[in-house]
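Here is what each chain is made of, one letter per residue.
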Amino acid sequence: VQAVTSQADCHSKLGESGEGEKVLKKSYSLVEHDPQAMSILGRVYLEQGKVQDSIDAYEKSISLQPEDIAVKRDLLHAYRVAGTGGDLTKIEAQVLEGQIALENMKEISNKLSQQPLNADLRYQLAMLTWKWKSHDEGLRWLRVVLLTDPTHEKARQFLKKHAPEDRGRQKVLDIVPTKSF
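Residues numbered from 1 in each chain as written. Predicted model: local features only at pLDDT ≥ 70, side-chain atom pairs only at ≥ 80, totals over all residues. Heavy atoms only, no water.

S.K.: Just to check I follow, could you spell out the packing of aromatic side chains for this structure?
M.R.: The description of two aromatic rings rests on the distance between their centres and on the angle between their planes. Using the criterion set out here, one finds one aromatic pair in the structure. Ring plane angle 90° and centroid distance 5.0 Å describe the contact between W130 and F158, whose orientation is recorded as edge-to-face. Taken as a pair, W130 in helix α8 (residues 119-132) and F158 in helix α10 (residues 153-162) lie far apart in primary sequence, 28 residues in all. By relative accessible area, which is 14% here, W130 ends up buried. (Phe/Tyr/Trp six-rings, centres within 6.5 Å; stacked < 30°, edge-to-face > 60°. Helix = DSSP H or I, 4+ residues; strand = E, 2+ residues; numbered from the N terminus. Buried < 20%, exposed > 50% of the residue type's maximum accessible area, 1.4 Å probe, protein only.)

Structure follows, in structure tokens:
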């Protein structure tokens, strides 16, 4: 899936949106449940002027990963290009709030480069990532929090509540030690 998605993304970035579409359509049964692939398909459709197809692909991406504010921003753009007459106020407010959160994520990342062992900064980044970008990526950041500070109570409580047991993965709390080294 990643290889197909990356290839389509490269075609799009090189101005070859038709080729990007062909790559994704050829492997559609493989990528149809991948939010990044659907987002890229939305972009290549929009680049070709296929606005309704673009909206459909972005909406599919959001249905697969509803926390991704970047895709919501792209969907909002597609709605505007389409001249959709509906009330976009709610999605505009979400996008604005999400953009502020993404800026906060950049600031926290910069601070982490200076304080790499600061578990509280890592936790803040994990929570923003969980809410505004990707639940899976947020969980990865929470694992790092516990590797940095195995006693971080907020991270442990969040993972206890939200660790995805239904994806066939070992529970996060089972693989992170409870004591510092």
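S.K.: How should I be thinking about the side chain of S54 in this particular structure?
M.R.: For S54, the position within the fold is in helix α5 (residues 51-64). Take S54: its relative accessible area is 0%, and that puts it in the buried class. In contact with S54, other than residues within four places in its own chain, are G42, Y45, L46 and A78. (Contact = heavy atoms within 4.5 Å.)

S.K.: It is not clear to me how the nonpolar core should be interpreted in this structure. Could you clarify?
M.R.: A general tendency of soluble globular proteins is for nonpolar side chains to be buried together. With 23 residues, the main nonpolar core has I55, L75, I91, I108 and L128 as its most contacted residues. If you list the elements that add at least two residues to this core, you get α5, α6 (69-82), α7 (89-114) and α8. Tallying contributions element by element places α7 first for this core, with seven residues. Sequence-distant contacts of I55, that is, excluding residues within four places in its chain, are made with L75, A78, Y79 and A82. (Core = buried A, V, L, I, M, F, W, Y, C linked by side-chain atoms within 4.5 Å.)

S.K.: Would you take a moment to explain the packing of helix α1 (residues 2-13) against helix α4 (residues 35-47) for this structure?
M.R.: Two quantities define a packed helix pair, namely the angle between the axes and the distance from one axis to the other. Running from amino to carboxyl end, α1 crosses α4 at an angle of 25°, the nearest separation of the two axes being 10 Å. Comparing the axis directions of α1 and α4 gives the class roughly parallel. Like other packed secondary-structure pairs, α1 and α4 cross with a definite hand, here left-handed. In this structure, α1 uses T5, A8, D9, S12 and K13 to contact α4, whose residues at the interface are Q36, A37, I40, R43, V44 and E47. (Axes fitted to C-alpha atoms, helices over the stretch in contact; angles between N-to-C directions. Parallel < 35°, antiparallel > 145°, perpendicular 65-115°, else oblique. Left-handed = near helix turned anticlockwise from the far one by under 90°.)

S.K.: Would you explain α8 in this entry?
M.R.: Residue pairs three or four apart in sequence face the same way in an α-helix, which turns once every 3.6 residues. For α8, which comprises 14 residues, the first-to-last C-alpha distance of 20 Å matches the rise-based estimate of 20 Å (1.5 Å per residue) to within 8%. When you tally the buried positions in α8, you get eleven out of 14 residues, the bulk of the element. Within the span of α8, buried status applies to A119, L121, R122, Y123, L125, A126, M127, L128, T129, W130 and W132. For α8, the secondary structure elements touched by its buried residues are α6, α7, α9 (135-148) and α10. Sitting at the head of α8, N118 places a side-chain oxygen 3.0 Å from the backbone nitrogen of D120. (Expected span 1.5 Å × (residues − 1). Polar contact = N/O pair within 3.5 Å; in protein donor to acceptor, adjacent residues only side chain to side chain.)

S.K.: Help me understand α1, please; the structure alone is not making it clear to me.
M.R.: An ideal rise of 1.5 Å per residue puts 16 Å on twelve residues; α1 measures up with 16 Å between its terminal C-alpha atoms. Residues of α1 that are buried in the fold lie against α2 (17-26), α3 (28-31) and α4.

S.K.: Just checking my understanding: could you explain the pattern of salt bridges for this structure?
M.R.: Close approach of charged atoms allows side chains with opposite charge to pair. Per the stated rule, a full pass over the model turns up eleven salt bridges. For K22, the salt bridge identified is with E19, shortest N-O distance 3.3 Å. With K22 and E19 both in helix α2 and three residues apart, the pair spans about one turn of that helix. When its relative accessible area of 35% is taken as the criterion, E19 is described as partly exposed. For E21, the salt bridge identified is with K50, shortest N-O distance 3.0 Å. Note that E21 is positioned in helix α2 and K50 in the loop between α4 and α5, a separation of 29 residues in sequence. Look at K50 and you get partly exposed, because its relative accessible area is 30%. (Salt bridge = Lys/Arg side-chain N within 4 Å of Asp/Glu carboxyl O.)

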